[in-house]
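Each chain, written out:
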Amino acid sequence: MLDPDAARRITDAVDAAFDQQLEFTAELVRHPSLRSAEASAQNLMVAQFQQRGLSVDQWTLDGDSLSTHVGYGPTTVDFEDLTNVVGTYTAPEGQEEQGRSLILNGHVDVVPTGPEETWENHPWDPVVKNGWMHGRGVGDMKAGLAANLFAFDAVQAAGFSPNATIHFQSVVEEECTGNGSLAALQRGYTADAVVIPEPEENMLVRANVGVVWFRVRVSGKPTHVREMASGFNAIDAAYSVMGALRELESRWNAERANHRYFEDVDHPINFNIGMISGGDWPSSVPSWCEFDVRAALYPGIPAAEAWEEIQECVRTTEFGAAVSAERTGFFSEGYVLDEGSDAEATLEAAHQETFGSALESFTTPGYLDGRVFALYAGIPALVYGPVSEAIHGFDERVHLESVRRVTKTIALFIADWCGVTERSQ
Ligand SMILES: [Zn+2]
């Protein structure tokens, strides 16, 4: 444990630089890092890494090696547009490398805004109002990416150097495949713990679902609408297939009592029909319909097993071979953060110090990159971050006092987990 004086110096340093931290967060939001368009935001991260003297690794995701991994999500975009960046700190010359290493991870990609005119403020032009910063991606999770860097700064500004290696990861593809964090793992980045400051209401994620993305295609038989009965309406049939998927969703939800940490979650398994298109002409019976689905699965169930059941559901409708499904993204298992790790105890102590209350954990029915570290590398994945509202919705926002405290928690975590050496003045 840190002595109280050192802890106070570190948390004071977070306060001292907090305005700058918010400026940088806003700057990140002004770079609309939608899927395949993350480059300018990633360059901003690289500049931040360089300013801090970190060694920088910037690379394009490699589809060939990713596709060999069980956790790979099939992708519908070009790999050449997908770039990860990692900045690495190592103890300065003369300071012995010791303590426990750390990955501070965050995703830079954000989801689309929907109709921009529906936003109270422009989604890419962040404003601060009543203690909240508004903008697309500000909560999910640019405030977290900034918190990782400024937490590290605070340790240094307080006169300490961490004793162990820290990798700052800014990854892509978290909102669609999870291939960004997976690529970082494949590149060889591991550590004794990982912290991911996703917007988690000042709490620690204990368990979360896996996710599968897929597209259902229904092929119809087009006819002139005057002889509608002789055609086969692909759009009508698609609604019926959705009904079958809703039944599967209900069955899976009914099993929640058999899955630890999910017993008391209301509707943990959500199937979302997120996109739909079909038909070519109002007066022709539609010859095709496609819709895209996000489905969830409990931890411990391999994605391949869930996918088998989904395909079975889609194959056995009354429409037979007119209905097919293909994978289009996430193909991931969920995970559980094992209780009792040293990493969790360290986070608990840091949280207690900054919030004055015990750290709570909870189960989330969303996807998290934490699974990459937990499932495939056995690294304790601490997904812990600020209070937000309307992530993936209109007027997304993050609560600034929460960001401040989370940043302090991460700073104390760095100091305690990695160990620090006081620099001689
Ligand atoms: Zn996120």
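Residues numbered from 1 in each chain as written. Predicted model: local features only at pLDDT ≥ 70, side-chain atom pairs only at ≥ 80, totals over all residues. Heavy atoms only, no water.

Draft legend 1. Highlighting empty space enclosed by the protein. Taken as a whole, this structure holds one cavity of 30 Å³ or more when the rule is applied. Of the volumes computed, that of the largest cavity is approximately 30 Å³. Around the largest cavity, the lining residues are Met-45, Phe-49, Leu-104, Leu-145, Asn-148, Leu-149, Phe-168 and Gln-169. Elements supplying a minimum of two residues to the lining of the largest cavity: α3 (39-51), α5 (138-157) and β7 (166-171). When residues in the lining of the largest cavity are grouped by element, the largest group, three residues, is from α5. Class assignment for the residues of the lining of the largest cavity results in six nonpolar, two polar and no charged. (1 Å grid on protein atoms, 1.4 Å probe; cavity = no way out; pocket = protein on both sides within 12 Å on 5 of 7 lines; lining within 4 Å. Points joined across faces, edges and corners; volume = space filled by probe spheres on them. Helix = DSSP H or I, 4+ residues; strand = E, 2+ residues; numbered from the N terminus. Nonpolar A, V, L, I, M, F, W, Y, C, P; charged D, E, K, R; others polar.)

Draft legend 2. Structural detail: the environment of Ile-391. One can find Ile-391 in the loop between β17 (388-389) and β18 (397-399). For Ile-391, a relative accessible area of 33% translates into the label partly exposed. When the C-alpha positions of Ile-391 and Val-110 are compared, they lie 9.7 Å apart, and in sequence the two are 281 residues distant. Sequence-distant contacts of Ile-391, that is, excluding residues within four places in its chain, are made with Asp-140, Pro-199 and Glu-396. (Buried < 20%, exposed > 50% of the residue type's maximum accessible area, 1.4 Å probe, protein only. Contact = heavy atoms within 4.5 Å.)

Draft legend 3. Spotlight on unusual backbone geometry. Going from Asp-140 to Met-141, the amide bond is cis rather than trans, its omega being -5°. Inspection of the secondary structure puts Met-141 in helix α5. One non-glycine residue, Asn-130, lies in the positive phi region at around 50°. Within the element layout of this structure, Asn-130 appears in the loop between β4 (127-129) and β5 (132-134). Asn-130 sits in the exposed class, given a relative accessible area of 77%. Its identity as a non-glycine residue notwithstanding, His-392 has a phi of 65°, on the positive side. Mapping His-392 onto the fold places it in the loop between β17 and β18. For His-392, a relative accessible area of 45% corresponds to the partly exposed category.

Draft legend 4. Layout of the domain arrangement of the protein chain. Along its sequence, the protein chain is organised into domain 1 (4-207 + 334-422) and domain 2 (210-332). Computed from C-alpha atoms alone, the centre-to-centre distance between domain 1 and domain 2 is 33 Å. The largest per-residue losses of area from domain 1 upon contact with domain 2 belong to Pro-74, Gly-334 and Pro-365, which jointly make up 33% of the total buried on that side. At the boundary of domain 1 with domain 2, the tally comes to one salt bridge. Here Arg-260 ties to Glu-339 by a salt bridge, and the two come within 3.7 Å at their closest N and O atoms. The tally of links from domain 1 across to domain 2 stands at five residue pairs in polar contact (both at pLDDT 80 or more). Looking at the side of domain 1 that touches domain 2, the elements with two or more residues in it are β9 (204-208) and β14 (335-336). Looking at the side of domain 1 that touches domain 2, its residues break down into nine nonpolar, eight polar and six charged. (Domains from an automatic or database assignment. Buried area = accessible area lost by both parts, 1.4 Å probe. Salt bridge = Lys/Arg side-chain N within 4 Å of Asp/Glu carboxyl O. Polar contact = N/O pair within 3.5 Å; in protein donor to acceptor, adjacent residues only side chain to side chain.)

Draft legend 5. Quick look at the sheet that holds β18. Read from one edge of the open sheet, four strands run β4-β5-β18-β17, paired in antiparallel fashion. Of all strands in the sheet, those with a lone pairing partner are β4 and β17, marking the two edges. Note: β5 against β18, three bridges, orientation antiparallel. Its bridge partner being in β18, His-134 is matched across the sheet by Arg-397. Packing of helix α11 (residues 400-418) onto the sheet brings it into contact with β4, β5 and β18, and relative to β18 it is tilted by some 60°. (Pairing = 2+ DSSP bridges. Axes fitted to C-alpha atoms, helices over the stretch in contact; angles between N-to-C directions.)

Draft legend 6. Inspection of the side chain of Asn-84 at higher detail. Among the secondary structure elements, Asn-84 is positioned in strand β2 (residues 83-89). With a relative accessible area of 0%, Asn-84 lands in the buried category. A distance of 2.8 Å separates a polar side-chain atom of Asn-84 from the backbone oxygen of Gly-180. Discounting chain neighbours no more than four positions away, the residues touching Asn-84 are Gln-42, Asp-57, Gln-58, Trp-59, Leu-61, Ser-170, Val-171, Val-172, Gly-180, Ala-183 and Ala-184.

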